[in-house]
Amino acid sequence: MLTSLKTTYTDTRAADLAWALGREPLPALAVLDLELSGAKLQLRLLGASHQVLLDEDGHHCSETVACMPGSSTPLPLGVSKRIGEWEYEFAARVETLPHGSFAGRAQELLALVADHPNGLAGTFPGSPHAFTAMLAHRQEGQVRWRTWHAYPQEGQLVVTRTRIGARMPATL
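First, a word on what this report is: a plain description of the structure on this page. Computed from a prediction, not measured in an experiment: that's the story for all the values here.

## Remarks on the side chain of Thr64
Along the chain, the position of Thr64 falls in strand S6 (residues 59-66). The exposure class assigned to Thr64 is buried, which follows from its relative accessible area of 0%. For Thr64, the side chain forms a polar contact with the side chain of Gln51, separated by 2.9 Å. When neighbours within four sequence positions are excluded, Thr64 is seen to be in contact with Ala18, Trp19, Ala20, Arg23, Leu26, Leu46, His50 and Gln51.

Right, here's the structure in full:
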């Protein structure tokens, strides 16, 4: 699902993004509710980026990647931690693209997410290439999602990847 967001573009720099677990639901500009093999997932586009809410078998998780005033937790490159019975893994990277390549990459990502049943993307006013996009799926008993946060004025794309679910047995 692709939507035009009716708001000002709040987090205008990749460096302004912060990461948090366990935050209460924040006001959303667009929401996509999904059920992935018993897991209830809510993808939320915020004026300041994204939030994902997961509920499965009485367990809950909230991931927020956004411009959060007063936050002291910058966007980490990676996080791995236990949340109750779940293993949570998060990874982020910043891609810097040349101006000519940025527009093509933005269009490619928006096309990927727009028609996907488990995808949500929103474009911000001011630039057709200023967007946040999210795509979720379930694989091997785990819920996974990817996000893309575009900053055309800097030529930067922040890409995140999250995996959460029951502990995977170690392979020998």
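## So, the pairing of strand S8 (residues 86-96)
Inspection of the sheet shows strand S7 (residues 78-83) paired to S8 by 6 bridges, in the antiparallel sense. By the bridge assignment for S8, Val79 is matched with Phe90. If you look at the hairpin formed by S7 and S8, you'll find 2 residues sitting between the two strands, and Gly84 has a positive phi there, around 60°. One ladder, built from 11 bridges, connects S8 with strand S12 (residues 156-166); its direction is antiparallel. Paired with Ala92 across the two strands is Thr160, which belongs to S12.

## A short note on the pairing of strand S4 (residues 39-46)
Burial runs high along S4: 7 of the 8 residues are buried. Bridge count between strand S3 (residues 30-36) and S4: 7 bridges; the pairing is antiparallel. Note that in S4 the partner of Leu32 across the bridge is Leu43. Here S3 folds back onto S4, and the loop between the two strands holds 2 residues, one of which, Ser37, carries a positive phi near 50°. Both S4 and strand S5 (residues 49-56) contribute to a ladder of 7 bridges, which runs antiparallel. Pairing of Leu43 across the sheet is with Val52, part of S5.

Cut-offs and rules
Residues numbered from 1 in each chain as written. Predicted model: local features only at pLDDT ≥ 70, side-chain atom pairs only at ≥ 80, totals over all residues. Heavy atoms only, no water. Helix = DSSP H or I, 4+ residues; strand = E, 2+ residues; numbered from the N terminus. Buried < 20%, exposed > 50% of the residue type's maximum accessible area, 1.4 Å probe, protein only. Polar contact = N/O pair within 3.5 Å; in protein donor to acceptor, adjacent residues only side chain to side chain. Contact = heavy atoms within 4.5 Å. Pairing = 2+ DSSP bridges.

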